[in-house]
Amino acid sequence: MGGLPEGKLTGQGEEQRKEGDGLEEEQDVSFDTLGLDEQLSRALRKKGITVATPIQREAIPLILEGKDVVARAKTGSGKTLAYLLPMFHSLLKLCFEKHATKASPNVFILVPTRELCQQVYQEASSLLEFCTEKLKLVQLTASMPPREMRISLAGPPNIVVTTPACISTCISKGILKASSIKDSLSMLILDEADLLLSYGYEKDLKVLTPHIPRSCQCILMSATSSTDVETLKKLLLHNPVTLTLSEVGSSKDEIIPSSVQQFWISCSALDKQLYMLALLKLELVQKKVLIFVNTIDMAFRIRLFLEKFGIKSAVLNAELPQNSRIHILEEFNAGLFDYLIATDDSHSKEKEQMNKENKSKSRNSRRRLKQNLDSEFGVVRGIDFKNVYTVVNFDMPQTAAGYVHRVGRTGRAHNTGTSVSLISPEEEEILEEIKSVLEADKKELSEIIAPFPLLNKNAVESLRYRAQDVARSVTSRDVQDARRQDLKNEILNSQKLKAHFLENPRDLDLLKHDKLLSSKVIPAHLKEIPEYLVDPTTKEASQIVKLTRAAMGIDNGPKKKHRPGFRKGSGKTSDPLRTFSAESGKRRGGKRRKEGDGDESRRRKRRPKKTS
Ligand SMILES: Nc1ncnc2c1ncn2[C@@H]1O[C@H](COP(=O)(O)OP(=O)(O)OP(=O)(O)O)[C@@H](O)[C@H]1O
């Protein structure tokens, strides 16, 4: 989409809508002015949400008008409420006019993963809680036995949140009657639309499409554009209005919020654990930290490695039972632990590696392994991690879109955040792809992703001996044992969790997921880094991070109710990442930073220094 003014709304499709007057300046639009049902405005006020995000202020009126809408907006920009609110408004109106009682649900919300299903369900329920008119909302997942699905659909509910696979199963098993869908369905919403086809849901969607009535309003939401979105648009929508919303005042097609500062560190693949340790142990990044790796084995390797240094973390991956995954997410969101190591999703490198490793194994054992990974799992896409300040790419994602979605786990809604990518020489190629996806042709890459300024070579070298020693002591056998043990624990937990949460739906504290994994004795001396090992510049950097943390009102202890990141526009001048360089030990600004040596300097020559 070239040549449009910043922050403007673009209209496409048969119906052209070119709006934007007044959008050049960011406006605070209150939800009260958007024409929503008073019950919804009240619910939002009770949740402390008063000002609409750009996608909300543009999409809500269009959806209320009954338009089919395709909306693309950044990660964390509030797309869920952008469709939930007008959808509820229409249903409340139907209820008022007593047209809502039908043989089938009125609305399907289709998402690519179970985690998203749960998340959208929770966000929708939390709004409905405050509405006096009761709408019935259910979530369906593929793991439910048909009997349970039938029970959930009895009534029928007004809204079903599910995956395309699940809808297709319900139709083919007669749990949902195709003819009644035609009579009842008034709205179809496809969230994270850019992923639905790549997650293999094309066939499932084709089972549903013949039964969607012509009158049904269709909404497509996505963070990135793709040919898949275009395909879905053609398959399902009629004369849609297309919204492409960039953040006002930033690059027109920017898809990572400008409130997220992106950094890289160049290091060899072998040194990644050392750099990871330095970042966490020297407290050079703000908590909470979400660490992405490409394989489950690597996740456990890092967890075992870090735990020897007294850093406790949990692992989230496709192998775990669904209850455990949901519980891990909830605990992390509630601030019960600070470090979460995650693999992207079941479509990640894990599958590739599994295929390679298991070529030699029998077909049966391969099938068994494949089944162990939940194909509806997806951590990165769309999951609303609360108050994650730092995202670390321990391994670089395989695609630029993957990078956008990973980094989008921080800086959500009105918060800000940071990403740090550890890039080995083998991973440099992906940077070019990232650049093209971020459509930053006119910018230097260093303006988008800059060298991480708080970690210098001395600080890294001071930890090298310990880190290498400990990394060597974590054997492949330890990793396999830990992975097996964790899975065993989580399967047991999952049953307990299911029973417990039926009775105590709001209890988070039952089981902790960051318990020690290693069966070996952990030497106490590794937990503390001796003073003499930390050079004064690194101490200063760490001190600045702590002070900033305190200024932001973030406590180090767990269970803080509210842990905001930097507030937009509130702290850029005091942000150490913009003013400090650990290599020179000086604040950046007037004086040019001293070039380091090795990889770091090689890279800087290619990418001019980020100006602060
Ligand atoms: N108007 C608002 N004011 C404050 N917070 C909001 C507002 N709208 C949404 N939020 C919060 O912002 C967070 C991100 O919203 P949401 O998950 O809908 O983003 P998204 O655009 O769908 O992101 P992604 O593309 O990653 O799925 C949520 O915690 C949500 O409750």
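Residues numbered from 1 in each chain as written. Predicted model: local features only at pLDDT ≥ 70, side-chain atom pairs only at ≥ 80, totals over all residues. Heavy atoms only, no water.

As recorded in an unreviewed UniProt entry, the protein goes by the name RNA helicase, listed as coming from Carex littledalei. The heading Catalytic activity (unreviewed entry) in the UniProt record of the protein holds the text "ATP + H2O = ADP + phosphate + H(+)". According to its UniProt record, the protein has this under Sequence similarities (unreviewed entry): "Belongs to the DEAD box helicase family. DDX56/DBP9 subfamily." (UniProt positions renumbered as here; feature names shortened; annotations may be inferred.)

Novice: Looking at this structure, how should I read the packing of aromatic side chains?
Specialist: Ring pairs (aromatic) are described by centroid distance and by the angle formed between their planes. One pass over the full model with this rule turns up four aromatic pairs. For the pair Phe263 and Phe452, a centre-to-centre distance of 5.8 Å together with 80 degrees between the ring planes defines the contact as edge-to-face. A residue pair is termed long-range when its members are at least 10 positions apart, and Phe263 in strand 10 (residues 260-266) and Phe452 in the loop between strand 16 (449-451) and helix 19 (457-473) qualify at 189 residues. For the pair Phe263 and Phe452, a shared accessibility class is recorded, and that class is buried. Taken together, the ring pairs connect Phe332, Phe337 and Phe385 into an aromatic cluster. Lying across the ring of Phe394, Lys272 places its NZ or CZ 5.9 Å from the centre. (Phe/Tyr/Trp six-rings, centres within 6.5 Å; stacked < 30°, edge-to-face > 60°. Helix = DSSP H or I, 4+ residues; strand = E, 2+ residues; numbered from the N terminus. Buried < 20%, exposed > 50% of the residue type's maximum accessible area, 1.4 Å probe, protein only. Lys NZ or Arg CZ within 6 Å of the ring centre and 35° of its normal.)

Novice: Teacher, can you tell me more about the packing of helix 11 (residues 272-281) against helix 19 here?
Specialist: Between two packed helices, both the angle of their axes relative to each other and the distance between the axes serve to describe the pair. At a minimum axis separation of 8 Å, helix 11 and helix 19 run at an interaxial angle of 120 degrees. Judged by the angle between their axes, helix 11 and helix 19 are oblique. The crossing of helix 11 and helix 19 is right-handed. Contacts between helix 11 and helix 19 pair Gln273, Leu274, Tyr275, Leu277 and Ala278 from the former with Lys457, Val460, Leu463, Arg464, Ala467 and Ala471 from the latter. Residues that form the contact of helix 11 with helix 19 fall into these classes: eight nonpolar, one polar and two charged. (Axes fitted to C-alpha atoms, helices over the stretch in contact; angles between N-to-C directions. Parallel < 35°, antiparallel > 145°, perpendicular 65-115°, else oblique. Left-handed = near helix turned anticlockwise from the far one by under 90°. Contact = heavy atoms within 4.5 Å. Nonpolar A, V, L, I, M, F, W, Y, C, P; charged D, E, K, R; others polar.)

Novice: Please explain the site of the ligand as it appears in this structure.
Specialist: Around the ligand, 23 residues are found, and the nearest of them are Gly76, Lys79, Thr80, Glu192 and Asp384. Within the contact set of the ligand, an oxygen atom lies 2.7 Å away from a side-chain nitrogen or oxygen of Glu192. Within the side chain of Lys386, an N or O atom sits 3.0 Å from an oxygen atom of the ligand. Within the complex, the protein chains bury 91% of what would otherwise be the 650 Å² of accessible surface of the ligand. With three residues, helix 3 (residues 79-96) is the largest single contributor of residues to the shell around the ligand. Here the residues of the shell around the ligand sort into six nonpolar, nine polar and eight charged. For the shell around the ligand, the two domains that each supply at least three residues are domain 1 (39-244) and domain 2 (260-347 + 376-474 + 523-544). (Near = heavy atom within 4 Å. Polar contact = N/O pair within 3.5 Å; in protein donor to acceptor, adjacent residues only side chain to side chain. Areas by Shrake-Rupley, 256 points an atom, 1.4 Å probe, with all protein chains shown as cover. Domains from an automatic or database assignment.)

Novice: Hey, could you run me through the sheet that holds strand 9 (residues 241-245) in this one?
Specialist: Within a sheet, adjacent strands bond to each other through the backbone by hydrogen bonds, running parallel or antiparallel. With respect to topology, seven strands assemble into an open sheet ordered 5-6-4-7-8-3-9, the strand pairing being parallel. Either end of the sheet is taken by a strand with one partner, and the two such strands are strand 5 (137-139) and strand 9. Recorded for the sheet is a direction-independent mean angle of 15 degrees between the axes of neighbouring strands. Sheet topology note: the strand 4 (residues 107-110)/strand 7 (residues 187-190) ladder contains four bridges and is parallel. Within strand 7, the residue paired with Ile109 across the bridge is Ile189. (Pairing = 2+ DSSP bridges.)

Novice: Would you mind going over the pairing of strand 6 (residues 159-162) with me for this structure?
Specialist: A regular strand places its side chains on the two faces of the sheet in alternate fashion. By the alternation rule, side chains of strand 6 split into Ile159 and Val161 and Val160 and Thr162, which are all buried. Bridging between strand 5 and strand 6 involves three bridges; their strand directions are parallel. Note that in strand 6 the partner of Leu137 across the bridge is Ile159.

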